[in-house]
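The lines below spell out each chain.
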Amino acid sequence: ALWCLMMSVTPTRGCLLDLPWEDILVPHILCHLPLQQLLSLQRVSKSFQSLIQLYLANMRCFDSSQIGPAIPRAAFVNLLKDNEVLQQLALQNCSDWLTDRELLPVIGQNHHLHQIQLKGCAQLSRHALVAISLSCPNLRQLSLAHCEWVDSLSLRSLADHCKALEAVDLTACRQLKDEAICYLVQKCSRLKSLSLAVNANVGDTAVEETAKCCPELEHLDLTGCLRVKNDSIRVLAEYCPKLRSLKVKHCHNVAESSLSILRSRGVELDVEPPLQRALVLLQDVVGFAPFINLQI
């Protein structure tokens, strides 16, 4: 593919590099090549190296998974050192080495970010979230799943400065309690998607406040939130007419009596109704599903 690109302009017509870089090559050609191939293209010549550096400086989206199973620390720093126009940043294969030292300069010089993915980046600190809140006022989506360094103070900073948030993933952010979640939803009332999964400290107070403050909510993940009970699910059904999906698997205090309200509205639930669960269990035991007259 690289060779075809390099030879796409015949010698009689000029070479590829004769095309306008900023007007043609960067926005209309290089953007269609995988990032890993673009990095290989740098090794062709000094001119191609300059071209790729120009592309990297104007790149709107950076996804570390496009480079391979793991991106070296030095490569990450070098790739984004001149970029000030990033809109999307996904760092999924960097958990072994990514710290505040590498991330904060990127955040500090990119004020147009509206989507950040930091799932599993365990070596960052609360300073990373504070930097995001201060530098990214237009942030819409943020994933902090399995980032146990997220605390209530840094989440407050996010809520104070990023009020346009629409999707936040706080899965397994185990330091967070109801109070911090309540503050977030009070400030960020545009939320459409929120995950509080695998957090034993989250209970009815946080769920009820989320329901009352976020009428646009469409997706809520409460998987493994053992303190959540039926009352908050009923409040959710009352205040969130746009809810499309709710995950409550392993929420042992949530029963069908509250879920049936949402189920009747067509909300997608990750637990089956009791009768269906019983039939599945019976089929596993006896090897077939018995006929039951549901009209009785």
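The structure presented is a predicted model; accordingly, all values stated were derived computationally and were not measured. (Residues numbered from 1 in each chain as written. Predicted model: local features only at pLDDT ≥ 70, side-chain atom pairs only at ≥ 80, totals over all residues. Heavy atoms only, no water.)

Participant: Would you mind showing me how to read the packing of aromatic side chains here?
Facilitator: Aromatic ring pairs are reported here in terms of the distance separating the ring centres and the angle at which the planes meet. Summed over all chains, the structure comprises two aromatic pairs. Judged by centre distance (5.5 Å) and plane angle (55°), the ring pair of Phe 76 and Trp 97 falls under tilted. With Phe 76 in helix H5 (residues 73-80) and Trp 97 in the loop between strand S2 (88-90) and helix H6 (100-108), this pair connects stretches of sequence that are 21 residues apart. For the pair shown, Phe 76 and Trp 97 are each scored as buried. Taken together through their ring pairs, the aromatic side chains of Phe 62, Phe 76 and Trp 97 make up a single cluster. When the ring centre of Tyr 183 is taken as origin, the NZ or CZ atom of Arg 156, which lies over that ring, is 4.0 Å away. (Phe/Tyr/Trp six-rings, centres within 6.5 Å; stacked < 30°, edge-to-face > 60°. Helix = DSSP H or I, 4+ residues; strand = E, 2+ residues; numbered from the N terminus. Buried < 20%, exposed > 50% of the residue type's maximum accessible area, 1.4 Å probe, protein only. Lys NZ or Arg CZ within 6 Å of the ring centre and 35° of its normal.)

Participant: It is not clear to me how the nonpolar core should be interpreted in this structure. Could you clarify?
Facilitator: The nonpolar side chains of a soluble globular protein tend to be buried, and buried together. Judged by nonpolar contacts, the single largest core of 87 residues is most densely connected at Phe 62, Leu 89, Leu 91, Leu 144, Leu 170, Leu 222 and Leu 246. In this structure, this core is formed jointly by two domains, domain 1 (20-58) and domain 2 (62-280), each of which donates at least three residues. (Core = buried A, V, L, I, M, F, W, Y, C linked by side-chain atoms within 4.5 Å. Domains from an automatic or database assignment.)

Participant: Explain unusual backbone geometry to me, please; I cannot follow it from the model alone.
Facilitator: Trans is the common state for peptide bonds, and a negative phi is the common state for residues other than glycine. Even without being glycine, Ala 172 reaches a positive phi, approximately 60°. With respect to the helices, strands and loops of the structure, Ala 172 is situated in the loop between strand S5 (167-169) and helix H9 (178-187). The class of Ala 172 is buried, set by a relative accessible area of 1%. Its identity is not glycine, yet His 250 carries a phi of approximately 70°, on the positive side. Since its relative accessible area comes to 48%, His 250 is described here as partly exposed.

Participant: So what exactly am I meant to see when it comes to helix H7 (residues 126-135) here?
Facilitator: Side chains of residues three or four places apart in an α-helix project in the same direction, reflecting 3.6 residues per turn. Turning to H7, its buried residues are Ala 128, Leu 129, Ala 131, Ile 132, Ser 133 and Ser 135. Looking at the packing, one finds that the buried side of H7 touches H6, strand S3 (115-117), strand S4 (141-143) and helix H8 (152-161). (Contact = heavy atoms within 4.5 Å.)

Participant: Please clarify how the side chain of Ser 258 should be interpreted in this entry.
Facilitator: Of note, Ser 258 is situated in helix H12 (residues 256-264). Here the side chain of Ser 258 touches Asn 230 through a polar contact of 2.7 Å, side chain to side chain. Each residue touching Ser 258, except ones within four places of it in the same chain, is listed here: Asn 230, Ile 233 and Arg 234. (Polar contact = N/O pair within 3.5 Å; in protein donor to acceptor, adjacent residues only side chain to side chain.)

Participant: In this structure, what is going on with the pattern of salt bridges? I would like to understand it.
Facilitator: Between side chains of opposite charge, a pair can form as their charged atoms come close. Summed over the entire model, instances satisfying the criterion amount to ten salt bridges. Its salt-bridge partner being Lys 242, residue Glu 216 comes within 2.7 Å of it at the nearest N-O pair. Residue Glu 216 is located in the loop between helix H10 (204-213) and strand S7 (219-221), and its partner Lys 242 is located in the loop between helix H11 (230-239) and strand S8 (245-247); the two are separated by 26 residues in the primary sequence. Relative accessible area serves as the criterion here: at 41%, Lys 242 is assigned to the partly exposed category. Measuring nitrogen to oxygen at the nearest pair gives 3.3 Å for the salt bridge that ties Arg 244 to Glu 218. Pair noted here: Arg 244 is in the loop between H11 and S8 and Glu 218 is in the loop between H10 and S7, with a separation of 26 residues, a long-range link. (Salt bridge = Lys/Arg side-chain N within 4 Å of Asp/Glu carboxyl O.)

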